[in-house]
Amino acid sequence: EGGAGQGGGGDEGEDEADVDGGYEPSAFLGGDASVRAVRVCGFHLLAWAEGRSASRSAAERAGAAPASGLYTWGENAARQLCRSLDGGLDYDAEPGLASSVAGLLPDGELPVFGCGGFHTLVHAGGGPAVLSCGGGEEDDEADSVGEPGDEGTGAAPPAAPGLERDGSAARLLLPGIEAEDSVVHLAGGHVHSVALSAKGRVWTWGSNSHGQLGWAPVPPPSEAAVRLFPPGAVRLPPRHRPESAPAATAAPPRVVAVAAGGYHTLALTEEGDVYSWGANHHGQLLRASPSPVDPMPRWAAVPGMTPAPSPVERRGAAGGGGGGGVEGGGRRERR
């Protein structure tokens, strides 16, 4: 099950590339476009391309470079390409402009975008709204969410909250996000999504069939495939808590990156700690859990990483004063 990187994410082998100089445009979109970023999703792909012919006349631009914007191609059974296809096709092997979000993105800015197995997520500019499309069709089977390790694509999952079935973009509002905060990272699993803000807050929404949301109740198996949750904030338990601070008042860790597998979620804090929650059928949480599903965010023991000491431990090691140096794992102590 795949991960995500800065500004994007995805499901089951999602990968990405942020390109400074751009790929060879003639081999990708044609003309003189420059590809800035790519996301490889479960069964579709996304690319942000910038045309360099904006200053030319209309006659000179004809047939030259594509318009700047988000391009999508691949599987479209869940309408995850954010555009309509001629003849009602459920796939498109050629990149096409994601028309349903094109008019909602500011010109000349690379937006934050990501994807999951059956949906696409885009955020542009400040504010609480995430644009999304995909997620399923009216005749989806109720048991289409499946289990980790299922073979094949299967039916598209039912549309999660905020996802439109017809390829148009929906606006999804993240509750509690501050006016001066903004989304900096998006990731998607099989049918759940994750958003990270500049201030280190995390929201999840969609299916919680395997505890991948980290805050909502895990529904019974009879409801797991059809019960979907709106966005909710994930609160990570403090890894290091001052002895005098009760658990209810200790400040949560600040998250700097998130990733989503098909049925599990990961978060990296500024202290270098990794938290995980969700499905653990194949050890993907990097920690022991009492069952194959653990909906509680907990610290994951990443091989080769040494946990940062608590503030009390740091003060003791330094004899009550400050201490510098490099800790295990090559991380420099924060002061």
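Structure's up top.
My aim in this report is to walk through the structure given alongside it, one point at a time. (Residues numbered from 1 in each chain as written. Predicted model: local features only at pLDDT ≥ 70, side-chain atom pairs only at ≥ 80, totals over all residues. Heavy atoms only, no water.)

## Digging into the overall build of the protein
Summing up its helical and strand segments, the protein has three helices and 17 strands in all. When burial is assessed residue by residue, the protein has 48% of its 335 residues classed as buried. Residue pairs in contact within the protein that sit at least 24 positions apart in sequence constitute 53% of those at least 6 positions apart. About 15,000 Å² of surface is accessible on the protein, with carbon and sulfur atoms providing 52% of the total. (Helix = DSSP H or I, 4+ residues; strand = E, 2+ residues; numbered from the N terminus. Buried < 20%, exposed > 50% of the residue type's maximum accessible area, 1.4 Å probe, protein only. Contact = heavy atoms within 4.5 Å. Areas by Shrake-Rupley, 256 points an atom, 1.4 Å probe, with all protein chains shown as cover.)

## Some points on the sheet that holds strand β6 (residues 112–115)
Taken in spatial order, the four strands line up as β6-β7-β8-β9 in an open sheet, and their pairing is antiparallel. This sheet does not close on itself; its edge strands, each paired only once, are β6 and β9 (170–173). On average, each strand axis in the sheet is tilted by 25° relative to the strand beside it, whichever way the strands run. (Pairing = 2+ DSSP bridges. Axes fitted to C-alpha atoms, helices over the stretch in contact; angles between N-to-C directions.)

## Some remarks on the state of the cysteines
On inspection of all chains with the given rule, the structure shows two disulfides. One disulfide bridge connects cysteine 41 with cysteine 115, the sulfur atoms lying 2.0 Å from each other. What sets the handedness of the cysteine 41 and cysteine 115 disulfide is the S-S torsion sign, and at about -95° it is left-handed. One end of the pair, cysteine 41, is in the loop between β2 (34–40) and β3 (44–50); the other, cysteine 115, is in strand β6, and 74 residues separate them in sequence. What pairs with cysteine 82 in a disulfide is cysteine 133, and their sulfur atoms sit 1.7 Å apart. Placement of the pair is cysteine 82 in the loop between β4 (69–75) and β5 (91–97) and cysteine 133 in strand β8 (residues 129–134), with a sequence separation of 51 residues. Pair check on accessibility: cysteine 82 and cysteine 133 agree, each one buried. Taken N- to C-terminal, the disulfide-bonded cysteines of the protein are connected 1-3, 2-4. (Disulfide = S-S within 2.5 Å.)

## A few points about unusual backbone geometry
The phi dihedral of cysteine 82 falls on the positive side, at around 60°, and the residue is not glycine. In the Ramachandran plot, leucine 286 falls in the positive-phi region, its phi being about 60° despite a non-glycine side chain. Within the secondary structure, leucine 286 sits in the loop between β16 (274–279) and β17 (293–299). On the basis of relative accessible area, leucine 286 is assigned to the partly exposed category, the value being 36%.

## Focus: the packing of aromatic side chains
One pass over the structure, following the stated rule, counts two aromatic pairs. Between phenylalanine 43 and phenylalanine 118 the ring centres are 5.6 Å apart and the planes differ by 45°, which places this aromatic pair in the tilted class. With a gap of 75 residues between them, phenylalanine 43 in the loop between β2 and β3 and phenylalanine 118 in the loop between β6 and β7 (119–123) connect regions that are remote in the sequence. Given a relative accessible area of 3%, phenylalanine 118 falls into the buried group. Against the face of phenylalanine 113 rests arginine 39, its NZ or CZ located 4.6 Å from the ring centre. (Phe/Tyr/Trp six-rings, centres within 6.5 Å; stacked < 30°, edge-to-face > 60°. Lys NZ or Arg CZ within 6 Å of the ring centre and 35° of its normal.)

## Comments concerning the sheet that holds strand β12 (residues 202–207)
Overall, antiparallel pairing links the four strands, which are arranged β10-β11-β12-β13 in an open sheet. Looking at the sheet topology across the chains shown, the edges are occupied by β10 (183–188) and β13 (228–234). Averaged over all pairs of adjacent strands, the angle between strand axes in this sheet comes to 15°, irrespective of strand direction. Pairing between strand β11 (residues 192–197) and β12: five bridges, direction antiparallel. If you follow alanine 195 over to β12, its bridge partner there is tryptophan 203.

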